[in-house]
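What follows is the residue order along each chain.
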Amino acid sequence: MAKHSKTPQKVLKRFLRTGNKEVLEAMTTNAELNKEIAKELIKDADLAKNIAQTIKLDAELFEKLSEYKKYLAYNGSLNGAMQEELFMLEDDEVNLSLAQNSNIDKSIVQALLELKDESLTQALYANPAVEVAILTEAYQDEKNHLSLSRNANTPKDILEKLYQLGESNILENLARNENTPIEILYQLQLESRFERAVKTNEAFGRYIQGENIGWL
């Protein structure tokens, strides 16, 4: 209940009063957490790091959590101005978090790419929030193939080409990728080394249920 976005705030306040560490940690993953509850929780540094990554931010919370910039940079509710402010810090750890942000701004993507830092570049090419055009261009360089195979926004035709390469690490990623064509997932599940990854792929599970068929 502590994690659920629809749990009434009065219930969450009750949880807060218990002081149960495990429950409080669960509460920090609730994006709809009441601001007043959040303010209490962020008095604990470990809890504050979690909250910084998950809570819906406004200007006040962004400021209060400013000590935890590396964690804030992961937060998908950061607006463009907040992302730019973090990028301007020129901090490697903050930039890596931004590169993995689920709602990264287009201008920040370009700014990070221009830094020509390989760790940032690969994080971006694995990020589903990055535009297809950028991912398509990235495919031209084989050093980007592993990251692209992990990205659920990589076009299906590119995922098919990556499958044809037959590289084990890439195939493992494809088995887990929800955008991998069903036909390829069927082929991958026939190999014992990829069977488990395919069976835990939610897209494949939905397909199996939708077609009312069993596992091979």
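Residues numbered from 1 in each chain as written. Predicted model: local features only at pLDDT ≥ 70, side-chain atom pairs only at ≥ 80, totals over all residues. Heavy atoms only, no water.

> Kindly report on unusual backbone geometry, identifying the contributing residues and their values.
A positive phi angle, near 55°, is found at Glu90, a position not held by glycine. Summarising the element assignment, Glu90 is placed in the loop between helix 7 (80-87) and helix 8 (92-99). A relative accessible area of 67% means that Glu90 is categorised as exposed. (Helix = DSSP H or I, 4+ residues; strand = E, 2+ residues; numbered from the N terminus. Buried < 20%, exposed > 50% of the residue type's maximum accessible area, 1.4 Å probe, protein only.)

> Help me get a handle on the packing of helix 15 (residues 182-189) against helix 16 (residues 192-199), residues and values and all.
Following both chains from N to C, one finds helix 15 and helix 16 inclined at 130°, their axes separated by 7 Å at the closest point. Considering the angle they form, helix 15 stands oblique to helix 16. On the side of helix 15, the interface is formed by Leu185, Leu188 and Gln189, while helix 16 contributes Phe194, Glu195, Val198 and Lys199. Its residues placed into classes, the contact of helix 15 with helix 16 shows 4 nonpolar, 1 polar and 2 charged. (Axes fitted to C-alpha atoms, helices over the stretch in contact; angles between N-to-C directions. Parallel < 35°, antiparallel > 145°, perpendicular 65-115°, else oblique. Contact = heavy atoms within 4.5 Å. Nonpolar A, V, L, I, M, F, W, Y, C, P; charged D, E, K, R; others polar.)

> Mind laying out the pattern of salt bridges, listing which residues take part and the relevant values?
Under the counting rule described, the total for this entry stands at 15 salt bridges. Taking the shortest distance from any N to any O, the salt bridge between Lys106 and Glu131 comes out at 3.4 Å. With Lys106 in helix 9 (residues 106-114) and Glu131 in the loop between helix 10 (118-125) and helix 11 (132-138), the pair connects residues that are 25 residues apart, well separated along the chain. A residue is classified by how much of its surface remains accessible, and Lys106, at 56% relative accessible area, is exposed. Relative accessible area serves as the criterion here: at 36%, Glu131 is assigned to the partly exposed category. Of the charged contacts, one joins Glu202 and Arg206 as a salt bridge, the two residues approaching to 3.9 Å between their closest N and O atoms. Of this pair, Glu202 and Arg206 both sit in helix 17 (residues 202-210), 4 residues apart, roughly one helical turn. With relative accessibility at 53%, the residue Glu202 sits in the exposed group. Sharing partners across several salt bridges, the network here consists of Lys35, Glu36, Lys39, Asp58 and Glu60. (Salt bridge = Lys/Arg side-chain N within 4 Å of Asp/Glu carboxyl O.)

> Requested: an account of a positive patch on the surface, with residues and values cited.
Positive charge collects at one region of the surface, where Lys10, Lys13, Arg14 and Arg17 lie side by side. Classification of Arg17 as exposed rests on a relative accessible area of 64%. (Patch = residues over 30% accessible without salt bridge, like charges linked within 9 Å, V, L, I, M, F, W, Y side chains within 5 Å. Areas by Shrake-Rupley, 256 points an atom, 1.4 Å probe, with all protein chains shown as cover. Lys, Arg positive; Asp, Glu negative; His and termini not counted. Charge placed at Lys NZ, Arg CZ, Asp CG, Glu CD.)

> An account of the nonpolar core is needed here, citing residue identities and associated values.
Within the largest apolar cluster, 64 residues are counted, with the highest numbers of intra-cluster contacts made by Met27, Leu33, Leu65, Leu98, Leu112 and Leu188. Contacts of Met27, omitting those with residues within four sequence positions, involve Ala2, Leu12, Phe15, Leu16, Leu33, Ile37 and Leu41. (Core = buried A, V, L, I, M, F, W, Y, C linked by side-chain atoms within 4.5 Å.)

> Before we move on, can you summarise helix 1 (residues 9-18) with the specific residues and values?
Val11, Leu12 and Phe15 are the residues of helix 1 that are buried. An end-on view of helix 1 places all buried positions within 100° of arc, on one side of the element. Within helix 1, the exposed residues directed more than 90 degrees away from the buried face are Lys10 and Arg17. Where helix 1 is buried, its residues meet helix 2 (21-27) and helix 3 (35-41). Once helix 1 finishes, Gly19 follows within two positions and takes phi at roughly 75°, a positive value. (Arc of directions from axis to C-beta.)

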